[in-house]
Amino acid sequence: MSKIIYADNAATTSLSKHAYEAMTPYLISEYGNPSSIYSVGRTAKKAIESARGKVASAIGAKPEEIYFTACGTESDNWAIKSVAELKKSKGKHIISTAIEHHAVVHTLQKLEKQGFDVTYLGVNENGNISLDELRAAIRPDTILITIMTANNEIGTIMPIAEIGDIAREAGVLFHTDAVQAAGHIPLNVVDMKIDLLSLSGHKFKGPKGTGALYIKKGVRLPSNMQGGAQERGLRSGTENVAGIVGLATALEESVSNMQENMKKVTALRDRLIDGILKIPYTRLTGDLVNRLPGTASFVFECVEGESMVLLLDQNGICASSGSACSSGSLDPSHVLMAIGLPHEVAHGSLRLSLGEDNSEEDIDIILEKLPQIISRLRDMSPLWEERISEEKI
Ligand code: PLP
């Protein structure tokens with residue numbers, strides 16, 4: 001097979017060459033334990049502190065507000081469970097949305113089993129919440145608002161600064177899962193009045209198994225892991241020095257190239273969207289304007305998402321479907337259900353997520369192959385025959 005077209009950057013990204021080069025010494029020669037007081041240890045410690053400074057400046061935070069974790073999932077768990085622990089004497093009500101990632105949803109479900117009450121704000125057909133509904137949902141016992149910065153399936157970007165205003169005015173802590181947004185769109189925790197923010201290295205060309213949590217100064221979260229004094233005693237465990245260096249290098253690089261990347265990737269995405277929408281009985285999912293630069297997501301009537309993904313793969317194209325039965329369930333994702341898609345339409349979802357390494361040629365190939373794949377699948381579908389005969393009546 002010829003070249004692979006990787007159009008699944010929302011799932012993970014390739015490692016940046018700079019990040020790889022920056023990480024290598026800490027895997028080989030500079031292997032000291034950052035807690036050791038001799039010089040190899042101090043070198044590793046210095047690398048972590050320099051990385052902390054880079055991550056902080058990428059999101060407008062102070063270095064001492066950044067804590068390194070092992071992934072976005074850990075950051076989400078830490079933020080939500082620790083606020084619940086910290087504030088449970090004040091109240092047990094949390095506000096979130098119906099389209100959060102499982103790292104948030106399953107954490108909230110666990111808290112519900114422990115007696116917390118969660119309001120899941122609904123979204124409209126583009127994946128947007130209503131700010132009036134958010135205001136109305138706040139109660140005297142509300143302790144946390146946790147709303148993602150951008151959705152991983154449909155790419156809709158939430159009005160984070162407005163949510164931050166509402167939360168701050170109400171005196172409620174605001175956490176955002178910025179795993180899909182960090183490194184891709186501008187973020188500033190001060191301007192956006194964010195108290196807690198989760199990010200993950202592998203979504204912006206950093207290494208997998210790395211993450212960070214921003215905790216605003218003054219928010220005294222309980223520790224996430226008990227043990228040694230690493231991460232100021234809040235997240236014990238010998239640090240993943242190379243991973244931390246890789247995450248920070250990749251984030252710094254993404255932020256410094258952000259304007260250029262956004263422009264390039266948005267143009268590719270829009271060309272892809274225009275081309276794909278020419279396929280009959282196809283809909284774009286997610287917000288038309290406020291969407292992640294790289295995310296193009298669709299539903300195709302009378303087509304199975306998984307079949308599309310497999311046939312794209314046979315053609316060297318990597319993409320994903322929100323209707324994939326990853327959890328062993330054949331149900332379409334909660335996100336596609338929340339935007340109001342009928343079950344049978346949600347089954348035909350496809351997400352193509354682009355990055356700066358994609359080219360015009362990649363788009364040409366996708367636009368050549370995908371319509372052929374859809375026609376082939378529809379020709380085999382009894383639903384398609386019914387659908388077009390309905391149209392003829
Ligand atoms: N939150 C969102 C929005 C995501 O898209 C993901 C990963 O897909 C996560 C959290 C989990 O991040 P990680 O893979 O680093 O655990």
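Bear in mind the structure is a predicted one, so any value in this text is a computation, not a measurement.

Undergrad: Account for the sheet that holds strand S12 (residues 349–353), naming residues and giving values.
TA: If you walk across this open sheet you meet the 3 strands as S9-S10-S12, and the pairing is antiparallel. In the strand order of this sheet, the two ends are held by strand S9 (282–285) and S12, each with one partner. Ignoring strand direction, the axes of neighbouring strands in this sheet form an average angle of 30 degrees. Inspection of the sheet shows S9 paired to strand S10 (residues 295–300) by 4 bridges, in the antiparallel sense. Counterpart to Leu284 in the pairing with S10 is Phe298.

Undergrad: I'd like a description of the site of the ligand, backed by residues and values.
TA: Around the ligand, a shell composed of 13 residues is seen, among which Thr73, Asp177, Gln180, Ser200 and Lys203 lie nearest. Contacts to the ligand include Gly72, whose backbone N or O atom sits 2.8 Å from an oxygen atom. Lys203 is positioned with one of its side-chain polar atoms (N or O) 2.6 Å from an oxygen atom of the ligand. Alone, the ligand offers 390 Å² of accessible surface; in the complex the protein occludes 87% of this.

Undergrad: I'd like a rundown of the pairing of strand S4 (residues 117–121), residues and numbers included.
TA: Here strand S3 (residues 93–97) pairs with S4 via 5 bridges, running parallel. For His93, the partnering residue across the bridge sits in S4 and is Asp117. In terms of handedness, the path from S3 via helix H4 (residues 102–113) over to S4 forms a crossover that is right-handed.

Undergrad: So, the packing of helix H2 (residues 39–59) against helix H7 (residues 241–256): which residues are in play, and what are the values?
TA: Following both chains from N to C, one finds H2 and H7 inclined at 30 degrees, their axes separated by 9 Å at the closest point. Here H2 is positioned roughly parallel relative to H7, judged by the angle of their axes. The two elements H2 and H7 meet at a crossing, and its hand is left-handed. From H2, Ala44, Ala47, Ile48, Ala51, Lys54, Val55 and Ala58 reach across to H7, where they touch Val241, Ile244, Val245, Leu247, Ala248, Leu251, Glu252 and Val255. Taken together, the residues that form the contact of H2 with H7 break down as 13 nonpolar, no polar and 2 charged.

Basis of the calculations
Residues numbered from 1 in each chain as written. Predicted model: local features only at pLDDT ≥ 70, side-chain atom pairs only at ≥ 80, totals over all residues. Heavy atoms only, no water. Pairing = 2+ DSSP bridges. Helix = DSSP H or I, 4+ residues; strand = E, 2+ residues; numbered from the N terminus. Axes fitted to C-alpha atoms, helices over the stretch in contact; angles between N-to-C directions. Near = heavy atom within 4 Å. Polar contact = N/O pair within 3.5 Å; in protein donor to acceptor, adjacent residues only side chain to side chain. Areas by Shrake-Rupley, 256 points an atom, 1.4 Å probe, with all protein chains shown as cover. Right-handed = clockwise from strand over helix to strand, strands pointing away. Parallel < 35°, antiparallel > 145°, perpendicular 65-115°, else oblique. Left-handed = near helix turned anticlockwise from the far one by under 90°. Contact = heavy atoms within 4.5 Å. Nonpolar A, V, L, I, M, F, W, Y, C, P; charged D, E, K, R; others polar.

Treat this as a map of the structure, not an account of what it does.
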